[in-house]
Amino acid sequence: MSLLELDDVSVTYRIASGEVPAVRGVSLSLDAGAALGVAGESGSGKSTLAMALLRLLPKEARVGGRILLDGDDVLTMKWGRMRAVRWAEASIVFQGAQHGLNPVRKIGDQIAEPLLTHNLAKPDEARRRVTELLEQVGLPAWRARSYPHELSGGQRQRVMIAMALACSPRLIIADEPTTALDVMVQAQVLSLIKELVAEHGISLIMISHDLSVLADVCDQLAVMYAGRLVEHGPSREVFREARHPYSKALAAAFPTVGDPGSRMAPKGLGGDPPDPMQLPGGCSFHPRCPVAVDGCSTLDVQLWPAGPGRTAACVHARAEEEVS
Amino acid sequence: MTALPDAAEPAVQAAGPAEETPSSRGMLRYALSKAGGALFSIAMVVIGTFFVFRLLPGDPVRNLAQGRNMTPEQLDLERHRLGLDQSLINQFFDFVGDTLRLDLGTSYEYKRPVLDLIGERLGPTLLLAGTGLVIAVSLGLWQGIHAGWRHGSRFDRFSTGTSLVLWSVPTFWLGLLLMMVFGVGIGPIPGLLPFRGSESIDAPDGFAYVLDVAAHMVLPCLTLVAVVYAQYLLVMRSSLLEEVSQDYITVARAKGLRDDDVRRRHAVPNALLPTVTLVFMRIGFVVGGAVTVETIFTWPGLGQLFYEAVSVPDFTLMQGTFLLITVSVIVMNTLADVVYHMIDPRVRSA
Ligand SMILES: Nc1ncnc2c1ncn2[C@@H]1O[C@H](COP(=O)(O)OP(=O)(O)OP(=O)(O)O)[C@@H](O)[C@H]1O
Ligand code: SF4
Ligand SMILES: [Mg+2]
């Protein structure tokens, strides 16, 4: 059985000016020990999806569908059970971890906190575990006594990773774990995550703009556009020969040099992602699509099979599949 | 086992920094420099006070003589006695010397040393304003925390609403209202609480005396709290609101902490920092008493003394109380800075 199964998950933010459909009907599954990459431009709903997994979304968000973690539906769980699942079974390395640490509490206390909260260790055991975790992420033990502002961005991200590992969860969700870091540190942190999850047999969901990074770290790749899954399949294949024109553009994208946020500029893609409150009809991608055909603005595109173990939401992909 | 080299961390440092010494020495240096600044401000206040009170319109001796029949000779004699016939520069040095010796002069009105008068009034003021401050701070912060944590809730709207109303109500108006309703009594309803002075004329002894003073304190204290607690509530609320949207709060939730623990362990400690300054600054004003409240309820404190000094006008008394109030505000502001420095790790090591 798969560790995580998403079944037609949707998230809508209800705000004063209307409804924002941030995630629309996403179905995915993740096997124990596997790594899944989620790619997509800014605003495509990646973080929203990640937060939905542990029900961390703000009050104004409505979540639909089913999220099965180890067979248990996260969305209908009692709060007590939900709290027990959080961090102990699935932890998150947040996007923008620069602010993910409490500025007035020592690093060591913050790493130990989930251990104590979930009664997984007594205070002195927790201290030893903190030392061990810091070592695993390449930080000296005395760093436990530091405050967040005394650390560099890269070091703070290492602390976040150590914290995510604290309770030996079965799943770690890493939401753009390297975005705010410079290129050298990015590479270090990425290989750190890659090694740690492999070593401990932890499943990983990694979110990024950078398809090449995901292809390197993950087994499976999911590409999101305007809240929808537009392509899914084994990562190397999706990266090398994407079926959906949006994935193709992402795969050909390159990091904008000198931009610490490393926002990708999808190659050959004009325009901006659509406003989720005014989504184009048909295939949401059609206004920007270089290979759009007549029916695209009205056709109800779905994730169609696109080769062995692959799906893509594009008429061309379906046509190819039918021909072969 | 992963052990990536940590670029920013030379291996030799693995033993850790020599604990405490650098930061506590930095702290001491900071405290000393702040104390120096405070001394300078106090010196400027002393100098400023002298000139301001010399420049005030009106001749103190003539004011004293009002209503009494005095010959010009008697007036001159009085001037001489007060040192007002000397040159300004001599008067200035006398004043500075006296002030350094804590001799604040003699009140024209009471014919007694200003320092003694202040000493008598300090107790009642500290009692009233201190109690008021403690209640206002605890109530304001508690309510502010809960309103901010559940912002938009009914509790929040109620708290914010009442505190805004109380904040905008003039102190004397509220004081008089409370006095009418609970002190004097309206119509058939008798007044329940004493509203004049700090104790009954025939005050009993022992524990009954404590109760008597406490009863006298209720109305002035209530007025004082009602007027100032709103400030704590609103500052605390907005400070907490700022923290609630921070990423580390989401992280704390994601760790599986209970909502109460997220608030207590993460949001509140951060949100309290800005209010520390406010509380300390307010302590400085406590010494000045609450002029309006003390006057309305004829509470025999410093505020009332200051009011009397102004209405006479009694320049030495005004000058003395003014100096005391200003100095205590400066001292408390300095303490606020130092304490803030001690409790916020971010500025502590900077
Ligand atoms: N609290 C909220 N209220 C209303 N709309 C929101 C809220 N949070 C996110 N959204 C909207 O939901 C959509 C998806 O946002 P999300 O943060 O999930 O995107 P993302 O793919 O993670 O983007 P990025 O790469 O920039 O992190 C966006 O259009 C965003 O504006
Ligand atoms: S369905 Fe049409 S618009 Fe959408 S990606 Fe395919 S070709 Fe482009
Ligand atoms: Mg995001």
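Quantities reported herein were computed from a predicted structural model and do not represent experimental measurements. (Residues numbered from 1 in each chain as written. Chains lettered and ligands numbered in written order. Predicted model: local features only at pLDDT ≥ 70, side-chain atom pairs only at ≥ 80, totals over all residues. Heavy atoms only, no water.)

Looking now at the overall build of chain A. Each helix and strand in chain A was counted, giving 10 helices and 14 strands. With the C-alpha coordinates of chain A rotated into their principal frame, the extents come out at 65 × 45 × 40 Å. Taken across its 324 residues, chain A has 56% of its residues classed as buried. At a minimum sequence separation of 6, the contacts of chain A that also span at least 24 residues come to 63%. Element-wise, carbon and sulfur atoms account for 52% of the exposed surface of chain A, whose accessible area totals about 13,500 Å². In chain A, 33 positive and 37 negative side-chain charges are present, and the distance between their average locations comes to 6 Å. (Helix = DSSP H or I, 4+ residues; strand = E, 2+ residues; numbered from the N terminus. Buried < 20%, exposed > 50% of the residue type's maximum accessible area, 1.4 Å probe, protein only. Contact = heavy atoms within 4.5 Å. Areas by Shrake-Rupley, 256 points an atom, 1.4 Å probe, with all protein chains shown as cover. Lys, Arg positive; Asp, Glu negative; His and termini not counted. Charge placed at Lys NZ, Arg CZ, Asp CG, Glu CD.)

Before going further, it helps to examine the UniProt feature "transmembrane region" (unreviewed entry) in chain B. Residues and elements named next belong to chain B. UniProt marks residues 35-56, 122-142, 163-186, 206-230, 271-297 and 317-340 with the feature "transmembrane region" (unreviewed entry), using the numbering shown here. End-to-end, the C-alpha atoms of residues 35-56 are 31 Å apart, and along that stretch the chain is 95% helix and 0% strand. Structurally, residues 163-186 comprises 83% helix and 0% strand, and the distance from its first C-alpha atom to its last is 26 Å. (UniProt positions renumbered as here; feature names shortened; annotations may be inferred.)

With that settled, the discussion passes to the pairing of strand 9 (residues 220-225) of chain A. Residues and elements named next belong to chain A. Most of strand 9 sits inside the fold, with five of its six residues counted as buried. Across six bridges, strand 9 lies against strand 10 (residues 228-234) in antiparallel orientation. Within strand 10, the position partnered with Q220 by the bridge is P234. (Pairing = 2+ DSSP bridges.)

With that settled, consider the packing of helix 5 (residues 153-165) of chain A against helix 6 (residues 183-200) of chain A. All names here are of chain A. Relative to each other, helix 5 and helix 6 sit at 10°, their axes nearing to 10 Å. By the angle class used here, helix 5 and helix 6 are roughly parallel. Considering how the two elements wind past one another, helix 5 and helix 6 form a crossing that is right-handed. Note on element contacts: helix 6 touches helix 5 through V185, Q188, V189, L192, I193 and L196, opposite G154, Q157, R158, I161 and L165. Considering only residue class, the contact of helix 5 with helix 6 consists of seven nonpolar, three polar and one charged. (Axes fitted to C-alpha atoms, helices over the stretch in contact; angles between N-to-C directions. Parallel < 35°, antiparallel > 145°, perpendicular 65-115°, else oblique. Left-handed = near helix turned anticlockwise from the far one by under 90°. Nonpolar A, V, L, I, M, F, W, Y, C, P; charged D, E, K, R; others polar.)

Residues and elements named next belong to chain A. In the vicinity of ligand 1 lie 18 residues, with S42, K46, S47, T48 and Q95 positioned nearest. Between an oxygen atom of ligand 1 and a main-chain N or O atom of G43, the distance comes to 2.9 Å. Here T48 contributes a side-chain N or O atom positioned 2.5 Å from an oxygen atom of ligand 1. Isolated, ligand 1 exposes 630 Å² of accessible area, and the fraction of that covered by the protein chains is 74%. Looking at the shell around ligand 1, the elements with two or more residues in it are strand 1 (4-15) and helix 1 (46-53). Of the residues assigned to the shell around ligand 1, the class counts are five nonpolar, eight polar and five charged. (Near = heavy atom within 4 Å. Polar contact = N/O pair within 3.5 Å; in protein donor to acceptor, adjacent residues only side chain to side chain.)

Residues and elements named next belong to chain A. Relative to the elements of secondary structure, C314 occurs in the loop between strand 14 (311-312) and helix 10 (315-323). Relative accessible area serves as the criterion here: at 7%, C314 is assigned to the buried category. Sequence spacing of C314 and S27 is 287 residues, and the spatial spacing of their C-alpha atoms is 17 Å.

Residue and element names in this part refer to chain B. In total, this model carries 23 salt bridges over all chains according to the counting rule given. In this structure, D261 engages R265 in a salt bridge whose closest nitrogen and oxygen atoms are separated by 3.7 Å. In this pair, D261 and R265 are both assigned in helix 10 (residues 259-288), four residues apart and thus about one turn of the helix distant. (Salt bridge = Lys/Arg side-chain N within 4 Å of Asp/Glu carboxyl O.)

Attention now moves to the side chain of S44 of chain A. All names here are of chain A. Along the chain, the position of S44 falls in the loop between strand 3 (35-39) and helix 1. Judged by relative accessible area, which is 3%, S44 ranks as buried. In terms of polar contacts, S44 uses its side chain to reach the backbone carbonyl oxygen of E41, at 2.7 Å. When near neighbours in sequence (up to four residues on either side) are disregarded, S44 contacts A22, M224, Y225, A226 and G227.

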